Amino acid sequence: MLVLVPLGEDPKTAKNRIIIPQAKGNHRLAVLPCLIAGLGIYEHGKTFTKGNFHYNCKNGTAEVIACVSDDMSVIQIGRTFLKEGIRHRCEVKGQTVTYEQKSTCYENGIHYDIVIGCFNSNGSAEYKPGQIWTEKHIRYQCSREGMTKVLGCVDGNGLFIELGHDVLMGGTVHRCYRIKNTTFYHRFQCQKDFSLTECVHANFLPTQEPQSEKSEINVVELKNNK
């Protein structure tokens, strides 16, 4: 007996599976269908599309034969397709077929790739979407759209405080908050036996003068962050 299940699923627990009786004598086993999670069963030789890939079922194995863009344009393997400023590429990398799309701009008869990324405050470093970095006690992340997003604050020892939160540790209060477009990292000593709330209320606001020499505040202004 042969049990077919979608790739990665357990034959004993899979909800979708096909049981094929074992061939007897000299009878050859019939060609196998493909069982695809979320799509169903495809007989040998049939083609189907899942995500950005077009497949052909070959004896139980789904093989990629082309890539498909979001508007259903077909890109053959090894080809690059340019449409409405978007470059679509379908290529083989090792044992895997990959689909990639990039925005381009057109100037003087040449299409240029548009690189989306973020820069630090002085423009000396560039970060790709998804990358995280810390600058002047503030931790940032570059979004998919190339916008700089503040995640929180970091003290000198690496303690992370999420934006909008306060932390009391070892008698020291760490605050990370935003007023309009300005992010504040504020650190100060807390009076003994005070709760976190009492310490925060007893200390100064960023628009006031510090009340103690042990109070330290770090201010970073971002004009375009989220």
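What counts, and at which threshold
Residues numbered from 1 in each chain as written. Predicted model: local features only at pLDDT ≥ 70, side-chain atom pairs only at ≥ 80, totals over all residues. Heavy atoms only, no water. Pairing = 2+ DSSP bridges. Helix = DSSP H or I, 4+ residues; strand = E, 2+ residues; numbered from the N terminus. Axes fitted to C-alpha atoms, helices over the stretch in contact; angles between N-to-C directions. Core = buried A, V, L, I, M, F, W, Y, C linked by side-chain atoms within 4.5 Å. Buried < 20%, exposed > 50% of the residue type's maximum accessible area, 1.4 Å probe, protein only. Contact = heavy atoms within 4.5 Å. Disulfide = S-S within 2.5 Å. Phe/Tyr/Trp six-rings, centres within 6.5 Å; stacked < 30°, edge-to-face > 60°. Lys NZ or Arg CZ within 6 Å of the ring centre and 35° of its normal.

Undergrad: In this structure, what is going on with the sheet that holds strand β8 (residues 74–76)? I would like to understand it.
TA: Backbone-to-backbone hydrogen bonds join strands into a sheet, with any given pair of strands oriented parallel or antiparallel. Across the sheet, which stays open at both edges, the 4 strands sit in the order β5-β6-β7-β8 with antiparallel pairing between neighbours. Each edge of the sheet is formed by a strand with only one pairing partner; in this case those strands are β5 (47–50) and β8. Averaged over all pairs of adjacent strands, the angle between their axes in this sheet comes to 45 degrees, without regard to strand direction. Across 4 bridges, β5 lies against strand β6 (residues 53–58) in antiparallel orientation.

Undergrad: Which parts of the structure should I look at to understand the nonpolar core?
TA: It is characteristic of soluble globular proteins that their nonpolar side chains tend to be buried jointly. Listed in full, the 12 residues of the largest apolar core are C118, A125, Y127, W133, I138, Y140, C142, V150, C153, I161, C176 and Y185. Elements represented by at least two residues in this core include exactly β16 (138–142) and β17 (148–154). Looking at this core, the element that brings in the most residues is β16, giving 3 residues. Core analysis: the second largest hydrophobic core is formed by 11 residues, F48, C57, I75 and Y99 among them.

Undergrad: What is the right way to look at the environment of C67 in this model?
TA: Structurally, C67 can be placed in strand β7 (residues 61–68). Overall, the relative accessible area of 0% leaves C67 in the buried class. When the C-alpha atoms of C67 and Y99 are compared, they prove to be 6.3 Å apart, with 32 residues separating the residues in sequence. Once residues lying within four places of it in the same chain are set aside, the contact partners of C67 are N52, F53, S73, V74, I75, C90, V97, T98 and Y99.

Undergrad: How should I be thinking about the sheet that holds β17 in this particular structure?
TA: The strand order β15-β16-β17-β18 describes an open sheet built from 4 strands, whose pairing is antiparallel. Every interior strand has two partners, whereas the edge strands, β15 (132–135) and β18 (160–162), have only one. Pairwise comparison of adjacent strand axes, ignoring direction, gives a mean angle of 35 degrees for this sheet. Summarising the sheet, β17 and β18 pair through 3 bridges and their orientation is antiparallel. Looking across to β18, one finds that V154 is bridged to F160.

Undergrad: Even after reading the chapter, I still don't get the state of the cysteines, so can you show me in this structure?
TA: Chemically, a disulfide is nothing more than a covalent bond linking the sulfur atoms of two cysteines. For the coordinates displayed, the defined rule picks out 5 disulfides. Disulfide pairing is shown between C67 and C90; the S-S distance is 2.0 Å. Taking the torsion about the S-S bond as the criterion, the C67 to C90 disulfide, at about 65 degrees, is right-handed. One end of the pair, C67, is in strand β7; the other, C90, is in strand β10 (residues 86–93), with 23 residues separating them in the sequence. Ordinal numbering of bonded cysteines along the protein defines a disulfide pattern of 1-2, 3-4, 5-6, 7-8, 9-10.

Undergrad: What's the story with the packing of aromatic side chains in this structure? I'm lost.
TA: Note on aromatic pairs: each is described by the distance of the centres and the angle between the planes. Per the counting criterion, the structure on display carries 5 aromatic pairs. With 4.2 Å between their ring centres and 20 degrees between their planes, Y42 and F48 make a pair best called stacked. Overall, the relative accessible area of 4% leaves F48 in the buried class. On the basis of an interplanar angle of 15 degrees and a centroid distance of 5.3 Å, the ring pair of Y177 and F184 is categorised as stacked. The residues Y177 and F184 share a single accessibility class, namely buried. Site record: aromatic cluster; members linked through ring pairs are Y42, F48 and Y55. Seen from the ring of Y177, R175 lies directly overhead, with NZ or CZ sitting 4.4 Å from the centre.

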